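# Coordinate inspection notes
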Amino acid sequence: QVQLVESGGGLVQAGGSLRLSCVASGRSSSSGGMGWFRQAPGKEREFVAAIDWSGRGTTYAASVKGRFTISRDNAKNTVSLQMSTLKPEDTAKYYCAAGGGYGGPQANPDQYPYWGQGTQVTVSS
């Protein structure tokens, strides 16, 4: 089992920045590919960004490309999401996911067996 704990969410004005972090613990806590997903009220969960096990491969949703950056530190078992130029439509609960194998970064949530509880991000206009 791998446990994931997200932090760094909050309330920010449009145009501002936030940095989300996710710490993994438990068995094999470096745990392959990792990703961030988000879910707004009344909407389906959507992919945000993913990073492969090495940290060298990343992929982003079109809606966040150029504004968000995903990174990881395998020595600290963490994955981070730096979010800049935030928009009200970025408001959602953000979830960290892990266990995405040892291939390329995975945008499909079905590839991740481990999920955190989420951290709320609210962007005011």
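Residues numbered from 1 in each chain as written. Predicted model: local features only at pLDDT ≥ 70, side-chain atom pairs only at ≥ 80, totals over all residues. Heavy atoms only, no water.

## Some thoughts on the environment of W36
Here W36 is to be found in strand β4 (residues 34-39). For the pair formed by W36 and V79, sequence separation is 43 residues and the distance between their alpha carbons is 9.0 Å. (Helix = DSSP H or I, 4+ residues; strand = E, 2+ residues; numbered from the N terminus.)

## Side note on the pattern of salt bridges
For side chains of opposite charge, pairing can occur when their charged atoms come near one another. Summed over all chains, the structure comprises three salt bridges. In this structure, the salt-bridge partner of R38 is E46, at a minimum N-O distance of 2.5 Å. By relative accessible area, which is 34% here, E46 ends up partly exposed. Its salt-bridge partner being D90, residue R67 comes within 2.8 Å of it at the nearest N-O pair. Remark: D90 occurs in the loop between β8 (78-83) and β9 (92-98) and R67 occurs in the loop between β6 (58-60) and β7 (68-73); sequence separation between them is 23 residues. For D90, a relative accessible area of 1% puts it in the buried group. (Salt bridge = Lys/Arg side-chain N within 4 Å of Asp/Glu carboxyl O. Buried < 20%, exposed > 50% of the residue type's maximum accessible area, 1.4 Å probe, protein only.)

## Here we look at the sheet that holds strand β1 (residues 2-7)
Ordered by their spatial adjacency, four strands build an open sheet running β1-β3-β8-β7, and the pairing between neighbours is antiparallel. Every other strand in the sheet has two partners, leaving β1 and β7 as the edge strands with one partner each. Neighbouring strand axes in the sheet, compared pairwise and without regard to direction, differ in orientation by 15° on average. (Pairing = 2+ DSSP bridges. Axes fitted to C-alpha atoms, helices over the stretch in contact; angles between N-to-C directions.)

## Brief notes about the packing of aromatic side chains
Under the criterion given, the structure shown has five aromatic pairs. Aromatic side chains F37 and W115 sit 5.0 Å apart centroid to centroid with 55° between the ring planes, which places their arrangement in the tilted category. Here F37 is found in strand β4, whereas its partner W115 is found in strand β10 (residues 114-115), with 78 residues between them in sequence. Residue F37 is classed as buried on the basis of its relative accessible area of 1%. Pairwise contacts between aromatic rings join F37, F47, Y112 and W115 into one cluster. (Phe/Tyr/Trp six-rings, centres within 6.5 Å; stacked < 30°, edge-to-face > 60°.)

Any functional reading would require information that these geometric values do not contain.
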